[in-house]
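Chain by chain, the residues:
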Amino acid sequence: MIKLALFASGSGSNVENIYEYFKNHNKILVDSVFCNNPNAFVIDRAKNLGIDSILFDHSKSSGIDLLNMLQKRNVSHVILAGYIRLIPEEIIDKFQEKIINIHPSLLPKFGGKGFYGSKVHSSVIESKEEYSGITIHIVNKEYDKGKILFQEKIKINENETPSTLSKRIHELEYFYFPQIIEKFLLDKL
Ligand code: GRF
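Quick notes on the rules
Going along each chain's sequence as written, the residues are numbered from 1 onward. Reporting in this predicted model follows two pLDDT cut-offs: at least 70 for local features of residues, and 80 or more for side-chain atom pairs to be given and counted; totals over whole chains, interfaces and linings ignore these cut-offs and use all residues. Water and hydrogen atoms play no part in the side-chain values, which are based on all heavy atoms of the structure. Per the annotation, domain bounds derive from an automatic or database assignment of domains. Two parts placed together each lose some accessible area under a 1.4 Å probe, and adding up what both lose gives the buried area. We define a salt bridge as a side-chain nitrogen of Lys or Arg found within 4 Å of a carboxyl oxygen belonging to Asp or Glu. If even one non-hydrogen atom of a residue comes within 4 Å of a molecule or strand, that residue is called near it. Residues adjacent in sequence count toward polar contacts only when both atoms are side-chain atoms; beyond that, a polar contact is any pair of N or O atoms within 3.5 Å, and within protein one must be able to donate a hydrogen and the other to accept it. For every accessible area listed, the method is Shrake-Rupley and the probe measures 1.4 Å; residues are considered covered only by the protein chains on display. Secondary structure elements follow DSSP: runs of H or I of four or more residues count as helices, runs of E of two or more count as strands, with numbering from the N terminus. Only protein chains enter the area calculation, which uses a 1.4 Å probe; residues under 20% of their type maximum are buried, those over 50% are exposed, and those in between are partly exposed. At least two DSSP bridges between two strands are required for those strands to pair. Crossovers are described as right-handed under a simple rule: with the strands pointing away from the observer, the path leading from the first strand over the helix to the second runs clockwise. Throughout, a contact is declared for two residues whenever any of their heavy atoms are within 4.5 Å.

Draft legend 1. How the structure looks around the domain arrangement of the protein chain. Each assigned domain of the protein chain is listed here: domain 1 (1–96) and domain 2 (106–135 + 151–189). Placing the centre of domain 1 and that of domain 2 at their C-alpha centroids yields a distance of 21 Å. Buried area between domain 1 and domain 2, summed over both chains or domains, comes out near 1200 Å², and the portion from carbon and sulfur atoms is 72%. Counting the surface domain 1 buries against domain 2, the share from its top three residues, Asn 14, Asn 17 and Tyr 21, is 35%. Counting across the domain 1 and domain 2 interface gives zero salt bridges.

Draft legend 2. Local environment of the site of the ligand. In the vicinity of the ligand, the residues found are Ser 11, Gly 12, Ser 13, Asn 14, Gly 82, Ile 102, His 103, Pro 104, His 170 and Glu 173. Ser 13 is positioned such that a nitrogen or oxygen atom in its side chain is 2.5 Å from an oxygen atom of the ligand. In the environment of the ligand, an oxygen atom lies 2.8 Å from a nitrogen or oxygen atom belonging to the backbone of Asn 14. In isolation the ligand has 370 Å² of accessible area, and contact with the protein removes 85% of it. For the shell around the ligand, the elements supplying multiple residues, two or more each, are helix H1 (13–22), strand E5 (99–103) and helix H6 (162–185).

Draft legend 3. Representation of the environment of Asn 26 in the model. Along the chain, Asn 26 falls in the loop between H1 and strand E2 (28–35). Judged by relative accessible area, Asn 26 falls into the exposed class, the value being 61%. Spatially, the C-alpha atoms of Asn 26 and Ile 2 are 9.4 Å apart, while their sequence positions differ by 24 residues.

Draft legend 4. Structural context of the pairing of strand E3 (residues 52–55). Relative to E3, E2 runs parallel, the two being bridged by four bridges. Note on E3: the bridge partner recorded for Ser 32 is Asp 52. Read as a crossover between parallel neighbours, the route from E2 over helix H2 (residues 41–49) to E3 is right-handed.

Draft legend 5. Representation of the environment of Gly 146 in the model. Among the structural elements, Gly 146 can be located in the loop between strand E6 (131–138) and strand E7 (148–155). Residues Gly 146 and Leu 189, 43 residues apart in the sequence, show an inter-C-alpha distance of 16 Å. Residues contacting Gly 146, with those up to four places away along its chain left out, are His 137, Ile 138 and Asn 140.

Here it is in structure tokens:
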């Protein structure tokens, strides 16, 4: 079985969507949610869904501690679904090409440190971009710089606000992210 740990720092709507997609899958299992924010709604979601959640303090847990927790659970791949910190090097080294992130813009535009959540969408709108979209990519040691696996774009509407754009981007994420994870893991991408 391919065992996934989902890392999240906030609401976790993608976590829930990924969990629902894989819940009866015969090859891929959502094992756990790793969360670095004690106030994140994803912790409640995980509880309601019956997924184990592991709360850690990114300023106190070392990369080795986190790596040990992943290995103890026999996690084979890590999915970042709204996780806003850098993944420690020890984990990147052991999980080469096995960590996937989703970013709510068309990378390399509007990516890198500090570009997360509504900041991405307000920057896209302020820059008068014609399109935005999603990028699903492999994670390496830098923010939003790993190999791109998939992108999909949407046209920015007149009168678009960060909140309408966020909603439209989330719809794209719900539709594509689980499918791309599945294809990538099963070597069908
Ligand atoms: C998503 O837009 C994702 O692209 C980004 O963080 C957001 C997480 O949203 N990395 P949610 O917590 O899954 O609702």
